[in-house]
Amino acid sequence: GAAEKARLAFKLGGIEFEDERIEFSAWPELKPKTPYGQMPLLSIDGKAPLAQSGAILRYVGRIANLYPTDAEKALEVDEVIGLDEDFMRSLGPSFAIMRNPHTLGHAADMPEDDRKEIMAKMRAALAKDEVPRFLGYYEAKLAKTGTGYFVGDKPTIADCQVLATLRILKSGAFEGLPTTAADAFPLLSAFYERMLAIPAIKEHCSSK
Amino acid sequence: PRYKLTYFNFAGMAERIRLAFKIGGIEFEDERIDHSAWLELKPKTPHGQIPVLSVDGKIQVAQSGAILRYVGRLANMYPIDAEKALEIDEAIGLLEDLWRSIDPSFTIEDAPQKLGHDTDPPEQERIALQARMRANLTANDVPRFLGYFEAKLAKTETGFLCGDAPTIADCDLFATLRTFKCDLLEGVPSSVVDSQPQLAAFYSRIMDIPAVRAYYGGK
């Protein structure tokens, strides 16, 4: 989920961290104790936690040297991150229809079967449009950089962001989105393998 | 370098960037285009999106968050210190979450099928649905998120969100508040801001910055 890109950045940067995972069942009790009813949360030296996965990712990037300080390079990194956030945002309604249909203008008590039908239609549309479109942007960016990484010649948090997305796509967790969508993109596929071959990442991904 | 920001002629996602340029005192061309100009420009942009930032005549980048941070770095409004930046990024992220919750109430108007409705429900129905969604936002999401910022401002005591001078987080918050204050979001009244003392004071404080006041022409 939203925490994975930050975990990858910690691992890639070789920075020790406590990877606390909460059970779904424990969340309702914990939620009101969090600053904004959200996770992931980052706590530094036991201090009050901060939220927002993008903020946490950037923080880890700064302390792990995975987020360039040069304004132009950082701009490239932020652009890739922003694109991926747009990609993930496009999936939003297909989750909302199941959990909170009234936020999309449907009846709050919409029957489960109707929700599933609409979700399937939404995911089919995403599979045809957004998925190849965004994966195509990533492919083009890799072609432009030419180094095998999204920005510059070594991994940055932009690579962590996209890697996390590719992993969820391939896992089938987004029902209705083809797990093989990235296969059509050679540079992106090579990127995926390259990142997974990095020892710290390989270890992290195999230990779950 | 010559900077040009290209966007539509409204606030939207570009406003926080315009404010960062203004407050940071960095010259830029505030290019505003209409729909037909957009259709012509779109294929020339990196990802079919605006705002885009051009530097010395060349389109460099899209993604408003990326541009906002870039301008923040140039203008000294985005600290290098990791923990200070974390606070700012958290605030920016929260505002993005707020706008994400508001998004469907726009989509219902121009692309209801993306929300699982039949294509082209009649205008009356769309307006009614939008009104209901906006009412829900006014009752729930908007006060919840604004409440976080009300609390933050009470805590920082400096009058700004992070530290004792405006940062890009303040640009982002002000732009959001202005949308509500100027009744730019139909169905969400300006009272959502006016009812919050810290936010109301923050709004005036930013508005009083000479560059901001000049930008809005005293409006």
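Residues numbered from 1 in each chain as written. Chains lettered and ligands numbered in written order. Predicted model: local features only at pLDDT ≥ 70, side-chain atom pairs only at ≥ 80, totals over all residues. Heavy atoms only, no water.

*Asks:* Tell me about the overall build of chain A, and name the residues and values.
*Replies:* In terms of regular secondary structure, chain A is built from 10 helices and two strands. The helix and strand sequence of chain A, counted from the amino end, reads α-α-β-β-α-α-α-α-α-α-α-α. Relative to its length of 208 residues, chain A is compact, with a C-alpha radius of gyration of 18 Å against a globular reference of 17 Å. Taken over the C-alpha atoms alone, chain A extends approximately 50 × 45 × 35 Å along its principal axes. When burial is assessed residue by residue, chain A has 50% of its 208 residues classed as buried. Taking contacts inside chain A between residues at least 6 apart in sequence as the whole, the part at least 24 apart equals 60%. Here chain A contributes 26 positive and 30 negative side-chain charges, whose respective centroids are spaced 1 Å apart. (Helix = DSSP H or I, 4+ residues; strand = E, 2+ residues; numbered from the N terminus. Rg over C-alpha atoms; globule rule 2.2 N^0.38 Å. Buried < 20%, exposed > 50% of the residue type's maximum accessible area, 1.4 Å probe, protein only. Contact = heavy atoms within 4.5 Å. Lys, Arg positive; Asp, Glu negative; His and termini not counted. Charge placed at Lys NZ, Arg CZ, Asp CG, Glu CD.)

*Asks:* How would you explain unusual backbone geometry if you had to name every residue and give the values?
*Replies:* It is generally the case that most residues other than glycine have a negative phi and that most peptide bonds are trans. The linkage connecting Met39 of chain A with the following residue, Pro40 of chain A, adopts the cis geometry, with an omega of 5 degrees. Structurally, the position occupied by Pro40 of chain A is in the loop between helix H2 (27-30) and strand E1 (41-42). With an omega dihedral of 10 degrees, the bond running from Ile50 of chain B to Pro51 of chain B counts as a cis peptide bond. The phi torsion at Gln52 of chain A lies on the positive side, around 80 degrees, for a residue other than glycine. Residue classification places Gln52 of chain A among the buried positions, given a relative accessible area of 9%. With a phi close to 65 degrees, Asn65 of chain A is a non-glycine residue in the positive phi region.

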